[in-house]
Amino acid sequence: MPHLLLGTLLVIVCAGVFVVWSLTSDTREPVLALARPVTVGQVLTAQDLKQVNVVVDPGVSVVDASQAASVVGKAVSTSLTVGALLTPDAVGSGGVPAAGQALAALSLKSGQFPPEVGPGAHVSVVFVPGQVGGAVASAPTADPSSVWPAVVTSVTSPPNQQITVISVLLGESAARQVAAVPAGQLSVVMVSGGGR
């Protein structure tokens, strides 16, 4: 009987030590996360942010919850989803687009882009030859300059129009080339995280 009591007491003491240790060793920090999705260039509001408590690895840079006032009113430099932790790099003091990048608007009809395209999607903007003088132009050769990698920043459908305007972020040179393509000769293809 004494061994049973001693064993039970030992289990209770070990469980108590574990509970005290786990409560005092919690190194979670209050940081900022997104309460709703944001897109490139969107200005953060207090309603876009929420506080979460997470264990932060020393190599990970996050925005402390106490710094919420310093990020409200600033534009985000990348599209982020609900629950994503806010990092200092995601909130820029500079404008969008960043140096070396440009925003281009594509006026597309149904069938020229997947309906699933949304802000933050990685896409390829593809040149599709149109009709020249009533004859259909030949298909383009495998010319890399006729495909431009981009990231969608916004998708809007103006009322009473049969077009959708897709804004994309891409390199300055590529944006100039895309802007020079006649209307109706571009299509958008969704790609995985950054491929061509």
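Bear in mind that the values here come from a model prediction, so they are computed numbers and not experimental data. (Residues numbered from 1 in each chain as written. Predicted model: local features only at pLDDT ≥ 70, side-chain atom pairs only at ≥ 80, totals over all residues. Heavy atoms only, no water.)

**Some thoughts on the sheet that holds strand E9 (residues 147-156)**
Moving on, step 1. Read from one edge to the other, the open sheet built from five strands follows the order E5-E10-E9-E6-E11, with strand pairing classed as antiparallel. The open sheet has two edge strands with one neighbour each: strand E5 (101-109) and strand E11 (186-190). Recorded for the sheet is a direction-independent mean angle of 40 degrees between the axes of neighbouring strands.
Moving on, step 2. Pairing geometry for strand E6 (residues 122-127) and E9, over five bridges, is antiparallel. Within the sheet, the bridge partner assigned to His 122 lies in E9 and is Val 151.
Moving on, step 3. Here helix H3 (residues 172-180) sits on the sheet in contact with E5, E6, E9, strand E10 (163-171) and E11, set at roughly 150 degrees to E10. (Pairing = 2+ DSSP bridges. Helix = DSSP H or I, 4+ residues; strand = E, 2+ residues; numbered from the N terminus. Axes fitted to C-alpha atoms, helices over the stretch in contact; angles between N-to-C directions. Contact = heavy atoms within 4.5 Å.)

**So, the confidence of the model for the protein**
Moving on, step 1. In this model, the protein carries an average pLDDT of 82, and 87% of its residues clear a pLDDT of 70 or more.
Moving on, step 2. Ignoring residues within four places in sequence, the model shows residues 137-142, a span with pLDDT below 50, making eight contacts including any to other chains. (pLDDT = per-residue confidence, 0-100.)

**Some thoughts on a nonpolar patch on the surface**
Moving on, step 1. A cluster of nonpolar residues, Phe 18, Val 19, Trp 21 and Leu 23, forms a patch on the protein surface that exposes about 490 Å² of accessible area.
Moving on, step 2. One can find Trp 21 in helix H1 (residues 2-24). (Patch = residues over 30% accessible without salt bridge, like charges linked within 9 Å, V, L, I, M, F, W, Y side chains within 5 Å. Areas by Shrake-Rupley, 256 points an atom, 1.4 Å probe, with all protein chains shown as cover. Salt bridge = Lys/Arg side-chain N within 4 Å of Asp/Glu carboxyl O.)

**Section: H3**
Moving on, step 1. Every buried residue of H3 is accounted for by Ala 174, Ala 175 and Val 178. Looking straight down H3, one finds its buried side chains confined to an arc of 100 degrees; they lie on one side. Facing away from the buried side of H3, by more than 90 degrees, are the exposed residues Arg 176, Ala 179 and Ala 180. (Buried < 20%, exposed > 50% of the residue type's maximum accessible area, 1.4 Å probe, protein only. Arc of directions from axis to C-beta.)

**Some details on the environment of Val 91**
Moving on, step 1. Relative to the assigned elements, Val 91 resides in strand E4 (residues 91-92).
Moving on, step 2. Residues Val 91 and Ala 75, spaced 16 residues apart in sequence, show a C-alpha to C-alpha distance of 6.1 Å.
Moving on, step 3. The contact partners of Val 91, leaving out residues within four places of it in the chain, are Leu 44, Val 71, Lys 74, Ala 75, Ser 77 and Leu 86.

**Regarding the nonpolar core**
Moving on, step 1. Ranked by internal contacts, the top residues of the largest apolar core, which has 21 residues, are Leu 106, Val 125, Trp 148, Val 168, Leu 170, Val 178 and Leu 186.
Moving on, step 2. Where this core is concerned, the elements lending two or more residues are E5, E6, E9, E10, H3 and E11.
Moving on, step 3. Listed in part, the 14 residues of the second largest apolar core include Leu 44, Val 63, Ala 84 and Val 91. (Core = buried A, V, L, I, M, F, W, Y, C linked by side-chain atoms within 4.5 Å.)

**Quick notes on unusual backbone geometry**
Moving on, step 1. Located in the positive-phi region is Asn 160, a residue other than glycine, with phi close to 60 degrees.
Moving on, step 2. For Asn 160, the location among the structural elements is in the loop between E9 and E10.

**Observations regarding the pattern of salt bridges**
Side chains that carry opposite charge are capable of pairing whenever their charged atoms lie near each other.
Moving on, step 1. Evaluation of the coordinates by the stated rule reveals two salt bridges.
Moving on, step 2. In this structure, Asp 48 engages Arg 36 in a salt bridge whose closest nitrogen and oxygen atoms are separated by 2.5 Å. Linking Asp 48 in the loop between strand E1 (28-34) and strand E2 (49-55) with Arg 36 in the loop between E1 and E2, this pair joins segments that are twelve residues apart in sequence.
Moving on, step 3. Residue class for Arg 36 comes out partly exposed when judged on its relative accessible area of 37%.
Moving on, step 4. The closest approach of N and O atoms between Glu 172 and Arg 176, which form a salt bridge, is 3.3 Å. Of this pair, Glu 172 and Arg 176 both sit in helix H3, four residues apart, which is roughly one turn of the helix.
Moving on, step 5. Among the residues examined, Arg 176 registers a relative accessible area of 55% and is labelled exposed.

**Let's talk about the side chain of Ser 167**
Moving on, step 1. Looking at the element boundaries, Ser 167 is found in strand E10.
Moving on, step 2. With a relative accessible area of 18%, Ser 167 lands in the buried category.
Moving on, step 3. When near neighbours in sequence (up to four residues on either side) are disregarded, Ser 167 contacts Ala 104, Ala 105, Val 151, Val 152, Thr 153 and Ser 154.

**Regarding the side chain of Asp 48**
Moving on, step 1. The class for Asp 48 is buried, based on a relative accessible area of 2%.
Moving on, step 2. Side-chain polar atoms of Asp 48 contact the side chain of Arg 36, separated by 2.5 Å.
Moving on, step 3. Beyond its immediate sequence surroundings of up to four residues, Asp 48 is in contact with Ala 33, Leu 34, Ala 35, Arg 36, Val 38, Gln 42 and Val 43. (Polar contact = N/O pair within 3.5 Å; in protein donor to acceptor, adjacent residues only side chain to side chain.)

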